[in-house]
Amino acid sequence: VLIATYNRAKLLDETLTCLAGMPVSASLSWEVLVIDNNSIDETQAIVERHRGQFPVPLRYLTERQQGRSSALNTGIANARGRVLAFTDDDVRVQDGWLDAACRPLLGAAPAADYTGGPVRPIWEVPPPRWLDLSRGDLWGTIAIQDHGAAQMGYEDARKVPLGANMAVRAEVFDVTGGFRSDLGRSGGRVVMGQEVPEWLLRARQSGYRGLYVPAMEVHHHVPAARL
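About the thresholds
- Residues numbered from 1 in each chain as written.
- Predicted model: local features only at pLDDT ≥ 70, side-chain atom pairs only at ≥ 80, totals over all residues.
- Heavy atoms only, no water.
- Helix = DSSP H or I, 4+ residues; strand = E, 2+ residues; numbered from the N terminus.
- Rg over C-alpha atoms; globule rule 2.2 N^0.38 Å.
- Buried < 20%, exposed > 50% of the residue type's maximum accessible area, 1.4 Å probe, protein only.
- Contact = heavy atoms within 4.5 Å.
- Areas by Shrake-Rupley, 256 points an atom, 1.4 Å probe, with all protein chains shown as cover.
- Lys, Arg positive; Asp, Glu negative; His and termini not counted.
- Charge placed at Lys NZ, Arg CZ, Asp CG, Glu CD.
- Salt bridge = Lys/Arg side-chain N within 4 Å of Asp/Glu carboxyl O.
- Core = buried A, V, L, I, M, F, W, Y, C linked by side-chain atoms within 4.5 Å.
- Pairing = 2+ DSSP bridges.
- Axes fitted to C-alpha atoms, helices over the stretch in contact; angles between N-to-C directions.
- Expected span 1.5 Å × (residues − 1).
- Arc of directions from axis to C-beta.

Trainee: Can you walk me through the overall build of the protein in this structure?
Mentor: Tallying secondary structure elements over the protein gives 8 helices and 11 strands in all. Scaling as 2.2 N^0.38, a compact globule of 227 residues should have a C-alpha radius of gyration of about 17 Å, and the protein matches this with 17 Å. In terms of its C-alpha atoms, the protein occupies a principal-axis envelope of roughly 45 × 45 × 35 Å. Counting over 227 residues, the protein shows a buried share of 51%. Expressed as a percentage of contacts within the protein between residues at least 6 apart in sequence, the contacts between residues at least 24 apart total 77%. Of the roughly 10900 Å² of accessible surface on the protein, a fraction of 50% belongs to carbon and sulfur atoms. Across the protein, the 24 positively charged side chains and the 26 negatively charged ones have centroids separated by 2 Å.

Trainee: Even after reading the chapter, I still don't get the pattern of salt bridges, so can you show me in this structure?
Mentor: As enumerated under the stated definition, the model contains 16 salt bridges in all. For the salt bridge of E195 with R68, the shortest nitrogen-to-oxygen distance reads 2.7 Å. With E195 in helix α8 (residues 195-205) and R68 in helix α3 (residues 68-78), this residue pair connects regions lying 127 residues apart in the sequence.

Trainee: What's the story with the nonpolar core in this structure? I'm lost.
Mentor: Where a protein is soluble and globular, its nonpolar side chains tend to be buried together. Ranked by size, the top nonpolar core spans 36 residues in total, and within it V1, L16, L19, V32, W97 and L98 carry the most contacts. Broken down by secondary-structure element, the contributors of at least two residues to this core are α1 (9-21), β2 (32-36), α2 (43-51), β3 (58-62), β4 (83-87), β5 (91-93) and α4 (97-102). Beyond its immediate stretch of four places on either side in the chain, V32 contacts V1, I3, L16, L19, F54, P57, L58 and R59. Listed in part, the 26 residues of the second largest apolar core include L2, L72, Y114 and W199.

Trainee: What is the right way to read the sheet that holds strand β7 (residues 119-123) from this model?
Mentor: Where strands meet in a sheet, backbone hydrogen bonds hold them as pairs that are either parallel or antiparallel. The strand order across the open sheet formed by 3 strands is β5-β11-β7, and the pairing between neighbours is mixed. Strands at the two margins of the open sheet, each flanked by one partner only, are β5 and β7. Adjacent strand axes in the sheet meet at a mean angle of 25°, parallel and antiparallel pairs treated alike. Alignment of β7 against strand β11 (residues 218-222), held across 5 bridges, turns out to be parallel.

Trainee: Which parts of the structure should I look at to understand the side chain of S70?
Mentor: In this structure, S70 sits in helix α3. Owing to a relative accessible area of 7%, S70 belongs among the buried residues under this scheme. The contacts of S70, once residues within four sequence positions are left out, are E63, Q65 and S181.

Trainee: Is there a simple way to think about α1 in this case?
Mentor: Along an α-helix, residues three or four positions apart point the same way, because every turn accommodates 3.6 residues. Here α1 is 13 residues long and its end C-alpha atoms lie 18 Å apart, about the 18 Å a rise of 1.5 Å per residue gives. The set of residues buried in α1 consists of A9, L12, T15, L16 and L19. The buried residues of α1 occupy an angular sector of 115° when projected down its axis, which confines them to one face. For α1, exposure combined with an orientation more than 90 degrees from the buried face picks out K10 and G21. Elements that come into contact with the buried residues of α1 comprise β1 (2-5), β2, α2, β3, β5 and α4.

Geometry only, nothing functional implied.
Pasting the structure below:
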């Protein structure tokens, strides 16, 4: 599980608490990597506090080049798993999240090369009345996603998962490379969040395919400023 973080120690604390309490099948061996992207708050202290009682290895890494993409690329380079599961530092994972994310990606004949699932909102303030939450073209702006209760192929539906809830077979990155460091969230950058769609373009050109998994569910903080 890879988490890039920047100055959100309080929310990261909540995310790590959720991960620590998440039931996971005994057949899965897993770890969590927190990649600190130049935080000046209590991020490292939060990770160290969790480390002593965390149920699996919890590793703290740093990445000095500013930007979420650079931090995630450091995580990809250091991860040891066959599957890399990505979530954010302001997310609450649901029980069963990791099992649901990994199940289609493991085994002798994997059903998919990457998976994604619902990202439901945790509102800091009530959303404005004009925000039509039934319109999928608005979801990406506030980082939520819901494609229903049935599994579907992302390519068939012409959809993409969100970086806050995505898992990928590690070997895919050996072919495609990592995320573009000139894209994605970074201090002061206007164009945000496009590192995943761009990476998926390269993955799909190499023949890789994804699966939307409804049971792979997370809840994501939506701050007032984002509305």
